[in-house]
Amino acid sequence: MDIEELQTFVEVADAGGVSSAALRLGVSKSIVSRRLFRLEAELGVQLLARTTRGAALTEAGATFRDYAARVCAEIDVAKETILPAGDLRGRLRVAVPLSFGQTHFAPILAEMARRHPQLQIHTCYSDRFVDLITEGYDCAIRVGYLQDSNLIARRVGPLYGKLVASPDYIKAHGSPETPEELVAHEALMQGTEAWQLMDGDEIITVRPQGRFKADNGPALVAAAAAGLGIAYLPDCLTHDYIASGALVPVMTHYPPPPAAAYVIRPPGQHPARKIRVLTELLIEYCEPPPHLAPAPFR
């Protein structure tokens, strides 16, 4: 039985369709369809029911999927075992936040590519929520507070933030001193998110309101510096603005709780070695506070 056919079947089963699986595998949809046809012909059973929305597992397919996934995982581990020490091949697709991914994570990914010249690294920089399984990513770097999910997360470093505003905004509207006063101010947000603040050891949730929204951190920093309101942002984005006096911290008696940066991957028995290597490299360079520039590579 062809291992590529097994891998293709597992990808289609997990992604829920041929198109998503083709994207994950880096091959055409026709190749995926041919592999599935050959596997079903060899087994003599239908594994997937094709629908207008994608592909759904049949009863036989659901049973076979778990066995096939274990076989593929063991083959991957075996391949990694016989590769020269430190040698990585293949492709790594990573989703990275736009807000400070380009300045803080891009150098680390570039270093990984330098150390492993046979590894292809494809990176998407976006602050939108990326569905790793459907969109075919091996892993993602996410920052902040993680929502409950079936994805597997590994913390790679701390993340600190604060509430900031421009001196002009504070002169015109005053500086809030309590969470109750904060809700009366203009908040600069990505959407309708809640803000968490620490009152001693207690976490307080505040739901601010505001007329200016943007889907990435740099745009919110620019809006805050322009005097449009109060923003809740990581230190790595506001550090230079605070140093220059363009922004000042507010609500310092109610700081945000410490957050973190994480590597997120789909569930599986064995994380691919390329993901483990990336995780270790991120821990190496991100363990100092992320608002400080990464140390120069040696």
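Residues numbered from 1 in each chain as written. Predicted model: local features only at pLDDT ≥ 70, side-chain atom pairs only at ≥ 80, totals over all residues. Heavy atoms only, no water.

## Focus: the side chain of T238
Next up, step 1: Along the chain, the position of T238 falls in helix α10 (residues 235–244).
Next up, step 2: Discounting chain neighbours no more than four positions away, the residues touching T238 are V164, V221, L233 and L247. (Helix = DSSP H or I, 4+ residues; strand = E, 2+ residues; numbered from the N terminus. Contact = heavy atoms within 4.5 Å.)

## Brief notes about the environment of L43
Next up, step 1: Mapped onto the fold, L43 is located in helix α3 (residues 29–43).
Next up, step 2: In this structure the C-alpha to C-alpha distance between L43 and P167, which are 124 residues apart in sequence, comes to 70 Å.
Next up, step 3: The residues touching L43, leaving out its near neighbours within four places in the chain, are M1 and F64.

## Considering the packing of aromatic side chains
Next up, step 1: For the structure shown, the criterion picks out two aromatic pairs.
Next up, step 2: When the ring of F9 is compared with that of F64, the centres are 5.7 Å apart and the planes differ by 40°; the resulting orientation is tilted. Of this pair, F9 sits in helix α1 (residues 3–15) while F64 sits in helix α4 (residues 59–82), and the two are 55 residues apart along the sequence. Accessibility classification places F9 together with F64 in one group, the buried group.
Next up, step 3: Ring centres of W195 and Y232 lie 5.4 Å apart, and the angle between their planes is 40°; this geometry places the pair in the tilted category. Here W195, found in strand β9 (residues 195–199), pairs with Y232, found in strand β12 (residues 230–234); they are 37 residues apart in sequence, far enough to count as distant.
Next up, step 4: Look at W195 and you get buried, because its relative accessible area is 3%.
Next up, step 5: Its end group placed over the ring of Y137, R93 keeps NZ or CZ at 4.2 Å from the ring centre. (Phe/Tyr/Trp six-rings, centres within 6.5 Å; stacked < 30°, edge-to-face > 60°. Buried < 20%, exposed > 50% of the residue type's maximum accessible area, 1.4 Å probe, protein only. Lys NZ or Arg CZ within 6 Å of the ring centre and 35° of its normal.)

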